[in-house]
Amino acid sequence: MAQGDEERIINLDHGDPTMYENYWQKKGDETTIVIPGWQFMSYFSDATNLCWFLEPEFAKQIVRLHKVVGNAVTESRYIVVGTGSTQLYQAALYALSPNTDAEPISVVSAAPFYSSYPLITDCLKSGLYKWAGDARSFSKNGPYIELVTSPNNPDGFVRHSVVNRSEGILIHDLAYYWPQYTPISYPANYDLMLFTVSKSTGHAGMRIGWALVKDKEVAKKMTKYIEINTIGVSKDSQLRAAKVLKVISDSCEISNIEQDDSFFEFSYRLMAKRWKQLRQAVHQSGLFSVPDFPPQSCKFLRRVFEPQPAFAWLKCEGEIEDCESFLRGKKILTRGGKHFGFSPKYVRISMLDRDKNYDTFVERMSRIRS
Ligand code: PMP
């Protein structure tokens, strides 16, 4: 253990994907882009496209990557780019809300749900939509919007809608439907799917996400929302994202899938290593538990494996009621279950931090006793 590690605060509250830095560092200049000052100055990217601020090269690389990985259908879909999938979530709420009704439409998701959903949904106290909590206990009649996050943040399980009524409108948040986290069993084929570079490539700072949208009117309204909100999305970021996606697709197609050069092979192995370390630490400590996942076959990596989510949904077994405070006492910062509409006996822990932090964390966990 390095000197001072005992005292160091380990912050695993946010899902900041810094573990990917090593891969991109090894790639060196392959993803470097240079943009002269006189280029890409206009608001417009392609005035003939429904999403007029979408860079054509970025759209091309999105379609290519989904084809390479096989995780989503892109045929007969409109692509809408957003400043992170966070903006696209808001655009989707705007587009899907029937603004004829007197009452705002209910927005639900099965607990534990991503902690930002209620905050984003209600921050402006919209007259169009309103957070209505856990989808499992939702019993109001009439139309509603259900968010299906699969694999789920925070617990990593594959999910399907739970309300299942005819008046339901679904948003599928597929931020983690990539082979380093979960077996890719089929190309997702839903009406409105959200993706982000934050969790797929690790470039959270680019603030780029994309939506695959079946319905033309919904795609148009989402585009309108982004026009009103930010008059489009940074072209610099889209071009950088296009380059990163291209390098990933190249790394999967050119290299033998067994080699570390493949982005998904590299990240799959790192996640597998980290989950093994965590399960050992949890076992050694005896105070905690983490979910077990059934193994499934991944069509992309061509192997059977257990999901290895971007977050660990850790439960304090025994008498500890507030797991977040307990771990804070051990200088480990996590996000408590209540933020996700769940019990405070649980915490969410980011698995995506830099090696040094992650290794200190598991080492510290393994030594925690009651
Ligand atoms: N959806 C889910 C399920 C997430 O976990 C996150 C990031 N934590 C987001 C959306 C937001 O992603 P972005 O950085 O693209 O706004």
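- Per an unreviewed UniProt entry, the protein goes by the name EGF-like, alliinase and belongs to Corchorus olitorius.
- Word for word, the UniProt comment on the protein under Cofactor (unreviewed entry) is "pyridoxal 5'-phosphate".
- Of the protein, the UniProt comment under Sequence similarities (unreviewed entry) reads exactly: "Belongs to the alliinase family."

### Structural notes on the packing of aromatic side chains
Then, number 1: As enumerated under the stated definition, the model contains 31 aromatic pairs in all.
Then, number 2: Seen in terms of ring centroids, F44 and W52 are 4.9 Å apart; in terms of plane orientation they differ by 45°. Their pairing is tilted.
Then, number 3: On the basis of an interplanar angle of 50° and a centroid distance of 6.4 Å, the ring pair of F288 and F326 is categorised as tilted. Of the two residues, F288 is situated in strand β9 (residues 288-289) and F326 in helix α9 (residues 323-329); the sequence distance between them amounts to 38 residues.
Then, number 4: Members of the aromatic cluster, joined through ring pairs, are Y20, Y23, W24, F58, W178, F195, W210, F263, F264, F266 and F300.
Then, number 5: In this structure, K221 is placed above the aromatic ring of Y94, and the distance from its NZ or CZ to the ring centre is 5.4 Å.
Then, number 6: In this structure, R303 is placed above the aromatic ring of Y268, and the distance from its NZ or CZ to the ring centre is 4.8 Å.

### Re the sheet that holds strand β2 (residues 78-83)
Then, number 1: In spatial order, the strands read β2-β8-β7-β6-β5-β3-β4; together these 7 strands make up an open sheet with mixed pairing. The open sheet has two edge strands, β2 and β4 (129-134), and neither has a second partner. Strand after strand, the sheet turns through a mean of 25° between neighbouring axes, direction not considered.
Then, number 2: With 6 bridges joining them, β2 and strand β8 (residues 208-213) adopt antiparallel strand pairing. For G82, the partnering residue across the bridge sits in β8 and is G209.

### So, the nonpolar core
Most often, soluble globular proteins have nonpolar side chains that are buried together.
Then, number 1: Judged by nonpolar contacts, the single largest core of 108 residues is most densely connected at M222 and F288.
Then, number 2: Top element by residues in this core is helix α8 (residues 263-285). It accounts for 10 residues.
Then, number 3: Excluding its chain neighbours within four sequence positions, the residues that come into contact with F288 are V282, L314, K315, C316, E317, C323, F326, L327, M365 and I368.
Then, number 4: Membership of the second largest hydrophobic core comes to 6 residues, among which are A110, A135, Y144 and V163.

What counts and how
Residues numbered from 1 in each chain as written. Predicted model: local features only at pLDDT ≥ 70, side-chain atom pairs only at ≥ 80, totals over all residues. Heavy atoms only, no water. UniProt positions renumbered as here; feature names shortened; annotations may be inferred. Phe/Tyr/Trp six-rings, centres within 6.5 Å; stacked < 30°, edge-to-face > 60°. Helix = DSSP H or I, 4+ residues; strand = E, 2+ residues; numbered from the N terminus. Lys NZ or Arg CZ within 6 Å of the ring centre and 35° of its normal. Pairing = 2+ DSSP bridges. Axes fitted to C-alpha atoms, helices over the stretch in contact; angles between N-to-C directions. Core = buried A, V, L, I, M, F, W, Y, C linked by side-chain atoms within 4.5 Å. Buried < 20%, exposed > 50% of the residue type's maximum accessible area, 1.4 Å probe, protein only. Contact = heavy atoms within 4.5 Å.

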